[in-house]
Amino acid sequence: MEREVLKQKLTELAETEKTSAPIEDLLFSMLPYIGDLDPILRDRLIYGLASKWITQGLVSPITMNQILDELLTGRYLYKEEKFTRSFTTLWIAAILYRHRMEAFLSAAVIERVFQALLTYIQQETVGEGYDETYGWVHTLAHAADALDELIQLAELTNDQRQTVAEEIINKMAFPYNALSHEEDERMAFVIHSALRNGLPPDIVGCMVKEKASEVIAFWPEVTEADLYIRANYKQIIRSLYFRLSDFPSLKKTLHGCEQLFSGIYHKKPSS
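The structure presented is a predicted model; accordingly, all values stated were derived computationally and were not measured.

Some remarks on the overall build of the chain
Here's step 1: When its secondary structure is counted, the chain shows 12 helices and 2 strands.
Here's step 2: Moving toward the C terminus, one meets the helices and strands of the chain in the order α-α-α-α-α-α-β-β-α-α-α-α-α-α.
Here's step 3: Radius of gyration (C-alpha) of the chain: 20 Å, near the 18 Å computed for a compact globule of 271 residues.
Here's step 4: Its C-alpha atoms give the chain principal-axis dimensions of roughly 75 × 40 × 30 Å.

Focus: a nonpolar patch on the surface
Here's step 1: Together, Phe218, Val222 and Leu227 give the surface a local cluster of nonpolar side chains, amounting to about 220 Å² of exposed area.
Here's step 2: Mapped onto the elements, Phe218 comes out in the loop between helix 10 (201–216) and helix 11 (224–243).
Here's step 3: Look at Phe218 and you get partly exposed, because its relative accessible area is 33%.

Quick notes on the pattern of salt bridges
Close approach of charged atoms allows side chains of opposite charge to pair.
Here's step 1: With the rule as written, the count across this model stands at 13 salt bridges.
Here's step 2: The salt bridge partner of Arg3 is Glu4, with a shortest N-O separation of 2.5 Å.
Here's step 3: Residue classification places Arg3 among the partly exposed residues on the basis of a relative accessible area of 25%.
Here's step 4: The shortest N-O distance in the salt bridge between Glu124 and Arg85 comes to 2.6 Å. Placement of Glu124 in the loop between helix 6 (107–123) and strand 1 (130–131) and of Arg85 in helix 5 (residues 82–102) is noted, with a sequence separation of 39 residues between them.
Here's step 5: Judged by relative accessible area, which is 3%, Glu124 ranks as buried.

Things to note about the packing of aromatic side chains
Here's step 1: As enumerated under the stated definition, the model contains 6 aromatic pairs in all.
Here's step 2: With 6.3 Å between their ring centres and 50 degrees between their planes, Tyr233 and Phe261 make a pair best called tilted. In this pair, Tyr233 is assigned in helix 11 and Phe261 in helix 12 (residues 248–263), connecting sequence segments 28 residues apart. For the pair Tyr233 and Phe261, one class covers both residues: buried.
Here's step 3: Taken together, a centroid distance of 5.3 Å and an interplanar angle of 90 degrees make the contact between Tyr241 and Phe242 edge-to-face.
Here's step 4: Of the residues examined, Phe242 reaches a relative accessible area of 68% and is grouped as exposed.
Here's step 5: For the cation-ring pair, Arg243 lies above Phe189, with the distance from its terminal atom to the ring centre recorded as 4.0 Å.
Here's step 6: Of note, Lys251 hangs over the ring of Tyr241, and the distance from its end group to the ring centre comes to 4.2 Å.

Thoughts on helix 1 (residues 3–16)
Here's step 1: The first and last C-alpha atoms of helix 1 sit 20 Å apart over 14 residues, in line with the 20 Å expected at 1.5 Å per residue.
Here's step 2: Listed as buried for helix 1 are Leu6, Leu10 and Leu13. Looking down the long axis of helix 1, one finds its buried residues gathered within 60 degrees of arc, a one-sided arrangement.
Here's step 3: Looking at the buried side of helix 1, the elements it contacts are helix 2 (23–30) and helix 3 (39–55).
Here's step 4: Capping of helix 1 at its N-terminal end is provided by Glu2; its side-chain oxygen lies 3.1 Å from the backbone amide nitrogen of Glu4.
Here's step 5: Looking one or two residues beyond helix 1, the residue adopting positive phi is Glu17, at roughly 60 degrees.

Some remarks on helix 2
Here's step 1: Among the residues of helix 2, Ile23, Leu26, Leu27, Ser29 and Met30 are the ones counted as buried. Down the axis of helix 2, the smallest arc covering the buried residues is 165 degrees, so these residues share one side.
Here's step 2: Taken together, the buried residues of helix 2 touch helix 1, helix 3, helix 4 (61–71) and helix 5.

Here we look at the nonpolar core
Here's step 1: Leu10, Met30, Trp53, Trp91, Ile92 and Tyr233 are the most contacted members of the largest nonpolar core, which has 89 residues in total.
Here's step 2: At 9 residues, helix 5 tops the list of elements feeding residues into this core.
Here's step 3: Here Leu10 is in contact with Leu26, Met30, Leu41, Leu45, Ile46, Leu49 and Trp53, once residues within four sequence places are set aside.

Things to note about the environment of Leu96
Here's step 1: With respect to the helices, strands and loops of the structure, Leu96 is situated in helix 5.
Here's step 2: Sequence-distant contacts of Leu96, defined by excluding residues within four places in its chain, comprise Leu105, Val113, Ala146, Glu149, Leu150 and Leu153.

Parameters and conventions
- For every chain, the first residue of its written sequence is number 1, and the numbers climb from 1 along that sequence.
- pLDDT decides what is reported in this predicted model: residues at 70 or higher carry local features, side-chain atom pairs at 80 or more are listed and counted, and totals for whole chains, interfaces and linings draw on all residues regardless.
- Only heavy atoms go into the side-chain values, all of them from the structure, while hydrogens and water stay out.
- Runs of E in the DSSP output that reach at least two residues are strands. Runs of H or I that reach at least four are helices, and both are numbered from the N terminus.
- As defined in this context, the radius of gyration uses C-alpha atoms, and a globule is described by 2.2 Å times the residue total to the power 0.38.
- Like-charged residues within 9 Å of one another, or nonpolar side chains (Val, Leu, Ile, Met, Phe, Trp, Tyr) within 5 Å, are grouped into patches, provided each residue has over 30% relative accessible area and no salt bridge.
- Accessibility throughout is a Shrake-Rupley quantity obtained with a 1.4 Å probe, and a residue counts as covered only by protein chains that appear here.
- What makes a salt bridge here is a side-chain nitrogen of Lys or Arg within 4 Å of a carboxyl oxygen of Asp or Glu, nothing more.
- Burial classes follow relative accessibility: with a 1.4 Å probe on protein chains only, a residue under 20% of its type's maximum area counts as buried, one over 50% as exposed, and anything between as partly exposed.
- In this analysis, rings of Phe, Tyr and Trp, with Trp reduced to its six-membered ring, are considered paired at centre separations within 6.5 Å, and the interplanar angle assigns stacked below 30 degrees, edge-to-face beyond 60, and tilted for intermediate values.
- In this analysis the charged atom, NZ for Lys or CZ for Arg, is taken to sit over a ring once it is within 6 Å of the ring centre and within 35 degrees of the ring normal.
- Take the number of residues in a helix, subtract one, and multiply by 1.5 Å to get its expected span.
- Note: the arc covers the axis-to-C-beta directions of the helix.
- Any two residues whose heavy atoms approach within 4.5 Å at even a single point are treated as in contact.
- Any pair of N or O atoms that falls within 3.5 Å is considered a polar contact. Within protein, one atom must be able to donate a hydrogen and the other to accept it, and sequence-neighbouring residues count only if both atoms are side-chain atoms.
- Residue types Ala, Val, Leu, Ile, Met, Phe, Trp, Tyr and Cys, when buried and joined through side-chain atoms within 4.5 Å, form a set referred to as a nonpolar core.

What follows is the structure, encoded as structure tokens:
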């Protein structure tokens, strides 16, 4: 469907809130514009309507499988253009949420999603949050939403949850720029979900402490990347501390890690 025709059609549907339109055909027409630079079309209309239709159960399992198969490719999840891959993770999150409600994805598909999202997190280097002209970028925060849905699936093992948590902890020592649009809070939600679904708190505590030691080891010889790493990593520690009120022993570990960072600025001079 031609872009302007699609935008007009979706605008009418958003205004009238009708669900009698050929939703599934429209979804496939929407896919090529999932990363459109127009924030109204991309975010409010395409993602907004697709997420609503999928999570409310208005899309068939067959269609969701077909869409997911397309999303997990270089045309979408690994596309060089940042808006496409960022908003792809939000569509994946909606499909995983729906799977939790009605269990239509096979074990093989879930494994494919697991591996694909891990690869995405490992490769992602864009930490932008919001652009005044083009709207939300949020490559990491949107991915957190997909990871949060993934980690809650009954099919996932604790070993897989541990792998996801470790990837997040490593990723939040982000060296490319300052993460300033609550990426840390979104990722803290994922780790909280992992804990609530059976991941032992002591495992998370050990991973956080180990990474903290690595980051602190950069001091006092630093580069700009080291400064980003330290600032971003301290943010995830603090977000986890305030998020994990139901895990007091882990909060104690997190507080200790935060104090280690504070200590590098307040070391007494040697006599």
